[in-house]
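Descriptive analysis of the structure
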Amino acid sequence: MSVAKKEYKRITVKTLVDMKANGEKISMLTAYDYTMAKIVDGAGIDVILVGDSASNVMAGHETTLPITLDQMIYHASSVIRAIDRCLVVVDLPFGSYQSDPKEALRSAIRIMKESGAHSVKMEGGREIKESIKRILNAGIPVMGHLGLTPQSIYKFGTYTVRAKEEKEAADLIEDAKMLERIGCFGIVLEKIPAKLAKQVAESVSIPIIGIGAGPDVDGQVLVLHDMLGMTHEFNPRFLRRYMNLYEEMTTAISQYVEDVKSVDFPNESEKY
Ligand code: KIV
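Residues numbered from 1 in each chain as written. Predicted model: local features only at pLDDT ≥ 70, side-chain atom pairs only at ≥ 80, totals over all residues. Heavy atoms only, no water.

In plain terms, the rule: UniProt positions are given in the numbering used here, feature names are shortened, and annotations may be inferred rather than shown by experiment.
As named in an unreviewed UniProt entry, the chain is 3-methyl-2-oxobutanoate hydroxymethyltransferase, taken from Flaviramulus basaltis. Under Subcellular location (unreviewed entry), UniProt gives the following word-for-word description of the chain: "Cytoplasm". In its Catalytic activity (unreviewed entry) section, the UniProt entry covering the chain states "(6R)-5,10-methylene-5,6,7,8-tetrahydrofolate + 3-methyl-2-oxobutanoate + H2O = 2-dehydropantoate + (6S)-5,6,7,8-tetrahydrofolate".

Encoded structure:
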């Protein structure tokens, strides 16, 4: 299927809202380091999310809870040094915004000042409304995150689909409308029924970016290492793998080991 794709020199939060209004889908991927971000930006992605999934993907933790604000700033500043065109959104990590609005603003300011990022993302709805407002009032663009919110994994108990029940679905729609009303520039909807995601996307004018939320939203986000097939133990239905880098890298590294052991590497032309 051919797609509408306008050329943008630089993506801003305003560009994303315009894209939704024009019916152009938004592409978003995670990245956590300079080299990967350079490739992702160069390939034409609209948004890079420096996700707190770095806690899993980069650091090997079981959940996103352990990653710190300092570590997020380190990842974000590496990404910022790499990009020319895309918008960079950085997750406020668990514990950096839940206690009170002043603490939330201090954390967001540190991310913006110390990494050079363009915006922040926060998980939650009404319960963090005052913190979001405080950050927005300081001129920092905020993206919301509803549905499955991994920072609350110990409250949910599982990573299964959220908002299947009527009450949770109604609350989610209310939260999305509230996030739009107070000035968020977009919302990530994670792992909810496609029908509900469509309803949310139709109820607000800010972009809805889905992950496991079906096709009828304004854009899609995936974790880079998952879509490249570098991880292989995580197999949710929503994940499309575009490569099998786990296998390709394993083959290449095994070959290198063999070449070193057999003194095939380095050869005549590879020495000085
Ligand atoms: O941290 C992350 O990678 C995310 C995406 C799953 C949306 O929040």
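**Things to note about the packing of aromatic side chains**
Basically, it comes down to this: Pairing of aromatic side chains requires ring centres within 6.5 Å, counting the rings of Phe and Tyr and the six-membered ring of Trp. Pairs whose planes differ by under 30 degrees are stacked, by over 60 edge-to-face, and all others tilted. Two thresholds decide whether a charge sits over a ring: the Lys NZ or Arg CZ must be within 6 Å of the ring centre and within 35 degrees of the ring normal.
The tally for this structure, following the rule as stated, stands at two aromatic pairs. Above the ring of Phe-156, the side-chain terminus of Arg-162 is found at 3.7 Å from the ring centroid.

**Describing the UniProt feature "binding site: Mg(2+)" (unreviewed entry) in the chain**
Counted only if it meets this: Helix and strand definitions here come from DSSP, where helices need a minimum of 4 consecutive H or I residues and strands a minimum of 2 consecutive E residues; each element is numbered from the N-terminal end. Burial classes: relative accessible area under 20% of the type maximum marks a residue as buried, over 50% as exposed, and values in between as partly exposed (1.4 Å probe, protein chains only). Note on contacts: a residue pair qualifies if any of its non-hydrogen atoms lie within 4.5 Å across the two residues.
With numbering matched to this structure, UniProt assigns "binding site: Mg(2+)" (unreviewed entry) to Asp-52, Asp-91 and Glu-123. Considering the C-alpha atoms alone, the annotated residues occupy 72 residues of sequence yet fold into one spot, their largest mutual distance being 10.8 Å. For Asp-91, the location among the structural elements is in strand E3 (residues 87–91). The class for Asp-91 is buried, based on a relative accessible area of 2%. Excluding anything up to four places from it in sequence, Asp-91 contacts Leu-49, Val-50, Gly-51, Asp-52, Met-72, Ile-111 and Lys-121. By the secondary structure assignment, Glu-123 is in strand E4 (residues 119–123). Ignoring anything within four residues of it in the chain, the contact list for Glu-123 reads Asp-52, Tyr-97, Ile-128, His-145, Thr-149, Pro-150, Gln-151 and Ser-152.

**Observations concerning the UniProt feature "active site" (unreviewed entry) in the chain**
This is how it is decided: As used in this structure description, the phrase polar contact means that two N or O atoms lie within 3.5 Å; if the pair is within protein, one of them must be able to donate a hydrogen and the other to accept it, and residues adjacent in sequence are counted only when both atoms belong to side chains.
This chain's UniProt record puts "active site" (unreviewed entry) on Glu-190. Residue position: Glu-190 is located in strand E6 (residues 186–190). In this structure, Glu-190 is in contact with His-145, Leu-146, Gly-147, Leu-148, Pro-150 and Ile-211, ignoring residues within four places of it in sequence. There is a polar contact of 2.9 Å between the side chain of Glu-190 and the side chain of His-145.

**Considerations on the domain arrangement of the chain**
It is common to give the size of an interface as the accessible area that goes away when the parts come together. What counts is decided by this rule: An automatic or database domain assignment is the source of the domain bounds shown. Buried area: the sum, over both parts, of the accessible surface (1.4 Å probe) that disappears when the two are put together. The salt bridge criterion pairs a side-chain nitrogen of Lys or Arg with a carboxyl oxygen of Asp or Glu, the two atoms within 4 Å. Residue classes follow a fixed rule: Ala, Val, Leu, Ile, Met, Phe, Trp, Tyr, Cys and Pro count as nonpolar, while Asp, Glu, Lys and Arg count as charged, and any other residue, Gly among them, counts as polar.
Here the domain parsing of the chain yields domain 1 (13–241) and domain 2 (244–272). Taken over C-alpha atoms, the centre of domain 1 sits 38 Å from the centre of domain 2. With four residues of domain 1 in contact, the opposing surface of domain 2 contributes four residues. Summing both partners gives a buried area of about 380 Å² for domain 1 against domain 2, and 69% of it is carried by carbon and sulfur. In terms of surface lost to domain 2, no three residues of domain 1 exceed Leu-228, Met-230 and His-232, which account for 80% of the buried area on that side. Linking domain 1 with domain 2 are zero salt bridges. Taken together, domain 1 and domain 2 are joined by three residue pairs in polar contact (both at pLDDT 80 or more). Among the residues forming the side of domain 1 that touches domain 2, the class breakdown is two nonpolar, two polar and no charged.

**Here's the deal with the site of the ligand**
The criterion, for reference: When at least one non-hydrogen atom of a residue lies within 4 Å of a molecule or strand, that residue is treated as near it. Each accessible area is a Shrake-Rupley estimate made with a 1.4 Å probe; only the visible protein chains count as cover when residues are assessed.
Taken together, Thr-30, Leu-49, Gly-51, Asp-52, Ser-53, Asp-91, Lys-121, His-145, Val-188, Glu-190, Ile-211 and Val-223 make up all the residues around the ligand. At 2.5 Å, a side-chain N or O of Ser-53 approaches an oxygen atom of the ligand. Contact distances for the ligand include 2.9 Å between an oxygen atom and a side-chain N or O atom of Lys-121. Within the complex, 95% of the 260 Å² of free accessible area of the ligand lies under protein. Of the residues belonging to the shell around the ligand, the class tally is four nonpolar, four polar and four charged.

**Remarks on the side chain of Ser-131**
By the element assignment, Ser-131 lies in helix H6 (residues 129–137). Overall, Ser-131 belongs to the buried group, its relative accessible area being 6%. The contacts of Ser-131, once residues within four sequence positions are left out, are Tyr-97, Asp-100, Pro-101, Ala-104 and Met-122.

**With respect to helix H2 (residues 34–42)**
For the record, the criterion: For this quantity, the arc is that covered by the directions from the helix axis to the C-beta atoms.
Listed in full, the buried residues belonging to H2 are Met-36, Ala-37, Val-40 and Asp-41. The arc that holds every buried residue of H2, seen down its axis, measures 125 degrees, which confines them to one face. Facing away from the buried side of H2 by more than 90 degrees, the exposed set consists of Thr-35, Ile-39 and Gly-42. The inward-facing, buried residues of H2 contact strand E1 (26–30), strand E2 (47–50), helix H4 (69–82) and helix H10 (224–227). One side-chain oxygen at the N-terminal end of H2 lies 3.1 Å from the backbone nitrogen of Thr-35; it belongs to Asp-33. After H2 finishes, the residue Gly-44 shows a positive phi value of roughly 100 degrees.

**A look at the pairing of strand E8 (residues 219–222)**
Operational definition: Pairing between strands is defined by DSSP: at least two bridges between them are needed.
Bridging between E1 and E8 involves four bridges; their strand directions are parallel. Paired with Leu-29 across the bridge in E8 is Leu-222. Summarising the sheet, strand E7 (residues 208–211) and E8 pair through two bridges and their orientation is parallel. By the bridge assignment, Gly-210 is partnered in E8 with Gln-220.

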